[in-house]
Amino acid sequence: GEQGHPAARLELERGAREFRTLSASINEMLDQLEQQQAIRRDRDAALEANRLKSEFLATMSHEIRTPMNGVLGMCELLLRTDLDARQRHLAETILRSGRSLLDILNDILDFSKIEAGKLELDASPFSPAEVIQTVAAPFVAAAQAKGIEFVVRIESGVPTQVIGDAVRLRQVLNNLLSNAVKFTEQGSICL
């Protein structure tokens, strides 16, 4: 108490047995207080690091979206010009991939919203077949480059329109297909 911090300890060698037992108990209590203070400091540091990470992600996502929108705009303009079939296919693939990247950037912003408890799922009509086809296109080429067959199969019972969050569905499919292509050494991938 005189030293004013929990690192101070009482001597155990002197005094009656009762005082030694009391001193040992007080020292044990001081050890616990010191541990609690260390845990509080570590927790506060982790919370601050998490806050800074979220702030960084939100800032970087905003900064990257501007040039990404420029790339997408130029690609859309390119598609309005006379291109042969192969060039058109490549430009369309670039545009789809760029849009997927933009969706991912938006998802990073959503991650910040999730941490703040402010994420809202979209409930808009979309075509599941169209989402699947556009998501699959870049991965088909990557799989073929590895010598892996990539099959997209859409059952006849799949509705032409559903209500849901197409962006989140694209994100999940992108993650799954990316891992499928990355970790499949032989055989095929079927979506």
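Quick summary incoming for the structure in this document. Along each chain, numbering runs from 1 in the same order as the chain's sequence is written. Predicted model: local features are reported for residues with pLDDT of at least 70 only, side-chain atom pairs are reported and counted for 80 or more only, and whole-chain, interface and lining totals are derived from all residues. For side-chain calculations, the full set of non-hydrogen atoms in the structure is used, while hydrogens and water are omitted.

The next subject is the overall build of the protein chain. Runs of H or I in DSSP of at least four residues are treated as helices and runs of E of at least two as strands, each being numbered from the N terminus. From N to C terminus, the protein chain includes four helices and four strands. Each helix and strand of the protein chain, ordered N terminal to C terminal, gives the series α-α-β-α-β-β-α-β. Partly exposed describes any residue whose relative accessible area lies between the buried limit of under 20% and the exposed limit of over 50%, with all areas from a 1.4 Å probe on protein chains only and scaled to the type maximum. Here the protein chain holds 191 residues, and 24% of them are scored as buried. Here a residue-residue contact requires only that any non-hydrogen atoms of the pair lie within 4.5 Å. For the protein chain, the proportion of contacts with a sequence separation of at least 24, taken over those separated by at least 6, is 72%.

Attention now goes to helix α4 (residues 166–183). One less than the number of residues in a helix, times 1.5 Å, gives the span that helix is expected to have. Relative to the 26 Å expected for 18 residues at 1.5 Å per residue, α4 spans 25 Å between its end C-alpha atoms, a close match to the ideal helical length. Looking only at α4, the buried set comprises A166, R168, L173, N174, L177 and V181.

This paragraph deals with helix α3 (residues 128–145). Its 18 residues place the ends of α3 26 Å apart at the C-alpha level, agreeing with the 26 Å of an ideal helix rising 1.5 Å per residue. Of the positions making up α3, those classed as buried are P128, V131, I132, V135, A136, F139 and A143. Tucked into the core, α3 has its buried residues touching β1 (124–126), β2 (149–151), β3 (162–164) and α4. Where α3 terminates, the next one or two residues include G147, which has phi positive at roughly 80°.

This next bit is on the side chain of D165. With respect to the helices and strands, D165 occurs in the loop between β3 and α4. Polar contact is the term for a pair of N or O atoms within 3.5 Å; when the atoms are in protein, one must be able to donate a hydrogen and the other to accept it, and sequence-neighboring residues count only if both atoms are side-chain atoms. Here R168 takes part through its side chain, which lies 3.0 Å from a polar atom of the side chain of D165.

Contact geometry for α3 and α4: axes closest at 10 Å, N-to-C directions at 20°. Considering the angle they form, α3 stands roughly parallel to α4. Note on packing geometry: the crossing formed by α3 with α4 is right-handed. Each of V131, I132, T134, V135, A136, F139, A142 and A143 in α3 lies in contact with α4, whose residues at this interface are A166, L169, R170, L173, N174, L177, S178 and V181. When the residues that make up the contact of α3 with α4 are grouped by side-chain class, the tally is 12 nonpolar, three polar and one charged. Angles shown run from 0 to 180 degrees and are taken between the N-to-C directions of axes, each axis being a line fitted to C-alpha atoms and, for helices, limited to the stretch in contact. Each angle receives one of four descriptions, namely roughly parallel if under 35 degrees, roughly antiparallel if over 145, roughly perpendicular if within 65 to 115, and oblique otherwise. Left-handed describes a crossing whose near helix is turned anticlockwise from the far helix by less than a right angle; the clockwise case is right-handed. Side-chain classes follow a simple rule in which Ala, Val, Leu, Ile, Met, Phe, Trp, Tyr, Cys and Pro form the nonpolar group, Asp, Glu, Lys and Arg form the charged group, and the remainder, Gly included, forms the polar group.

So, on to the nonpolar core. For the purposes of this section, nonpolar cores are sets of buried Ala, Val, Leu, Ile, Met, Phe, Trp, Tyr and Cys residues that join through side-chain atoms within 4.5 Å. Grouped together as the largest cluster of nonpolar side chains are 14 residues, with contacts concentrated most on V131, V135, F139, F150, L177, V181 and I189. At the level of elements, α3 and α4 are the ones that each hand at least two residues to this core. Considering every element that reaches this core, the biggest residue donor is α3, with six residues. Sequence-distant contacts of F150, that is, excluding residues within four places in its chain, are made with A136, F139, V140, A143, L177, V181, I189 and L191. In terms of nonpolar packing, the next biggest core, distinct from the first, is built from eight residues, M68, L79, L102 and L105 among them.

Attention now goes to the side chain of S127. Structurally, S127 can be placed in the loop between β1 and α3. Given the relative accessible area of 18%, S127 is considered buried. The residues contacting S127, other than those within four sequence positions of it, are T160 and Q161.

With that settled, consider the pattern of salt bridges. When the charged atoms of two side chains with opposite charge come close together, those side chains can pair. Note on definitions: salt bridges are taken to be side-chain nitrogens of Lys or Arg within 4 Å of carboxyl oxygens of Asp or Glu. All told, the structure shown has four salt bridges when counted by the stated rule. The salt bridge partner of D44 is R43, with a shortest N-O separation of 2.9 Å. A salt bridge links E155 to R153; its shortest N-O distance comes to 3.8 Å. Across this residue pair, the class does not change: E155 and R153 are exposed.

Mapped onto the secondary structure, E120 falls in the loop between α2 (85–115) and β1. Look at E120 and you get exposed, because its relative accessible area is 68%. Along the backbone, E120 and D110 are 10 residues apart, and their C-alpha atoms lie at a distance of 8.7 Å.

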